[in-house]
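Take a look at the letters that make up each chain.
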Amino acid sequence: MVMHGSSKNMAQQRLVLDIGGTTFSTMTTTVFRIPNSRLWRLTKDLERSEFVHACGTYYFDRNPVIFGAILDCYRTGEFHVPCCMCPLSVRKELDYWGIPDKFIAPCCLRKLQQHEGEEETLRQLRKELEHGKYASMQLLEQSKSRFNRAVLRSWLFLEFPNYSRLAEGWAIISGLLTVASIIVLACTSHPAFTQPFPHNDTLVGVEKKVTELLPGDKFKRAFIAVPHPIIVRMDQAINGILTIEFVFKFLVCPYKKDFFKSVLNWIDFVAFSNYWTFTAMYAAYEVAPKDLAYMIVMNVLTGFIALRIFRIFKLAGVFKGLRILLLVVKKNVKELATLIMFFIFGMLIFSTMIFYAELHIDGDFPSIIDGFWWSIITMTTVGYGDAVPSSYPGYVIGGMCALTGMLLSGLAIPIISNNFNLYYYYGRTYSEQMAKKETKQEVQTNRLDYTNSFTGEENGHVGNHHDHEEGRNFL
C-alpha cells in the first residue's frame, strides 16, 4: 500500500509490502533507484492488478529473508547474498524481482556464477549419464506392440548397463572381450606368437623388395609373418561375438541417425569391416596374387584393425570413473587447448634460445628443430637425457625451461583436478539418488500389486458369501 502524507509529494510516499508474512516498508524514492524492476513497476502503477491488496499492504508469497537483502540493494546499490542461502534460490528471487546482475556485489557475484557453472555441469552430467535412456523408456511405455517393446528392451539391455542386473553383467562380459581383443592384438606383434607366411618360398621377391625399401626386422616381420593359428582362432571368435553385438545393437537402435553420430560406433564399424576384409583376403591367399601390392593391402588393413584399441573407451559404460574422466576432458577442452598452446610457445622460444646459446658448440642441438624435442621433454619434467646443454648459457636456459614447464603444469592441473572431483561427486550423488528413486518405485509397485491382490481376494470371499446366502434363501 502507498501511504500518502499531507505535506509530502508523490516522490516521498511510503510503500508497505507483506513478503511471506513479514512486513517491509520503504520509500518510493528508494524503489526508483533500480528502474524496470518489479517494485519499480508496482510504484508506477503498471502491474497493480497482479497483486492481492489486503490489510492495507501488497502481499507477495516470496522468501522474506532474500527480500530483505534485495531491499538493501535498493538502498545501497549493491546486493549481497544472505548467509546460508542456496544460490539457486537467490538467483530465482533476483529474476523474480527484476534485479540485474550489475547490482550484485563482486564478492557475491563469483559465488552465484560458480553455482550456475555447477548447475550446468550437473545438467551435462545427467545428460551424459542417461544418454537417451529416458527417451527410450518413454518409447517403451508408449509402445503397444509386443515386437516393438521387445526391440526397445533389447536396445536398453545392450546400451545401458544400469538398465538391469543382466545388462550390467553383459556389459562386463563385453568389456572383458574388448580387453581380450586388445591383448590378442598385442600378442600378434611379438615374434613368439607369429610364424612365417604360408608358402614363404614364393615370397622371396617380396621379401627382397621389402628389405630394399625399409630394412629392419620389425618391418620385414610385419610383411612376411602371420600370427599363430591359435591366436587367429581366438581373435576370430572374440571379434565374431563383438561384431554380432554391434550389428544387433544397430538393428534394435530406435535412433538410427543418431547411432553413427557416436565416434566409438564409427571406430567399431571401420575396425570390424577391415578385420573381416582382412580375414577374407587371408583365406583367399591361395588364389590371390603373391606380390608386393597384395602384402601392402594386407598391412594397411591390419593398421585399420588396430583401431580396436580405442574400443577401450567402451568400458566407460561399466566403470563410472572412466566415464567421468572422459566428461572432464570434454568439459576442459578449452583449458587443455590453452595449456597445449602455452607449451607450443615455450617449445618455440626455448628451442630457439638453446640453439643460439650453444651455437659455438657442436653439441646436441645442431638446429632449432632438434631443440623442439628437448624443450618439450624439459618443460614436462621428463628429462630423458638424450639431449643436454653443454655450456653455462645453455644451463641457464635449461633451468628456465624446466621452471616454466612446472609453472604451466601447476596452473592447469588443479583446474582439471577440481573439475574431476566435482564431476565425481555429482555423479556419485546422482547415481545414489536414482538408485533410491528406483528402489522406492519398485517398493510402491510391489505394495500396489499386493494391495490389488488382497482386495481381489476379499472381493472373492464376499462374492462367495453372498452366493451362499442367496442359495440358503433359495432353499
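Residues numbered from 1 in each chain as written. Predicted model: local features only at pLDDT ≥ 70, side-chain atom pairs only at ≥ 80, totals over all residues. Heavy atoms only, no water.

(A) Layout of the overall build of the chain. Check the secondary structure of the chain and you find 18 helices and seven strands. Every one of the 475 residues in the chain was classed for burial, and the buried ones make up 32%. Put simply, the chain shows about 29100 Å² of open surface, and 63% of that area lies on carbon and sulfur atoms. (Helix = DSSP H or I, 4+ residues; strand = E, 2+ residues; numbered from the N terminus. Buried < 20%, exposed > 50% of the residue type's maximum accessible area, 1.4 Å probe, protein only. Areas by Shrake-Rupley, 256 points an atom, 1.4 Å probe, with all protein chains shown as cover.)

(B) Inspection of the nonpolar core at higher detail. Counting residues in hydrophobic clusters, the biggest one holds 28 residues, and the most contacted among them are Leu17, Phe79 and Ile99. Secondary-structure elements contributing two or more residues to this core are strand E2 (14-19), helix H2 (38-43), strand E5 (57-60), helix H3 (64-76), helix H4 (87-97) and helix H5 (106-130). Once residues within four sequence positions are removed from consideration, Phe79 is found in contact with Ile66, Ala69, Ile70, Cys73, Val90, Leu94, Phe103, Ile104, Ala105 and Cys108. (Core = buried A, V, L, I, M, F, W, Y, C linked by side-chain atoms within 4.5 Å. Contact = heavy atoms within 4.5 Å.)

(C) Geometry of the packing of aromatic side chains. All told, the structure shown has 17 aromatic pairs when counted by the stated rule. Here Tyr96 and Trp97 contribute two aromatic rings whose centre-to-centre distance is 5.1 Å and whose plane-to-plane angle is 85°, an arrangement assigned as edge-to-face. Residue classification places Tyr96 among the partly exposed positions, given a relative accessible area of 22%. Ring centres 5.1 Å apart and planes at 90° place the aromatic pair Phe259 and Phe260 in the edge-to-face group. Relative accessible area serves as the criterion here: at 3%, Phe259 is assigned to the buried category. Grouped by ring-pair contacts, the aromatic residues Phe246, Phe250, Phe259, Phe260, Trp266, Phe269 and Phe272 constitute a single cluster. The ring of Phe250 carries the charged tip of Lys256 above its face, separated from the ring centre by 5.8 Å. (Phe/Tyr/Trp six-rings, centres within 6.5 Å; stacked < 30°, edge-to-face > 60°. Lys NZ or Arg CZ within 6 Å of the ring centre and 35° of its normal.)

(D) View of empty space enclosed by the protein. The tally for this structure, following the rule as stated, stands at one cavity of 30 Å³ or more. In this model, the largest cavity occupies a volume close to 50 Å³. Looking at the largest cavity, the residues that line it are Thr178, Ser181, Asn239, Leu242, Ala271, Phe272, Ile305, Arg308 and Arg311. At the level of elements, helix H8 (165-187), helix H11 (229-252) and helix H13 (263-283) are the ones that each hand at least two residues to the lining of the largest cavity. Tallied by class, the residues present in the lining of the largest cavity amount to four nonpolar, three polar and two charged. (1 Å grid on protein atoms, 1.4 Å probe; cavity = no way out; pocket = protein on both sides within 12 Å on 5 of 7 lines; lining within 4 Å. Points joined across faces, edges and corners; volume = space filled by probe spheres on them. Nonpolar A, V, L, I, M, F, W, Y, C, P; charged D, E, K, R; others polar.)

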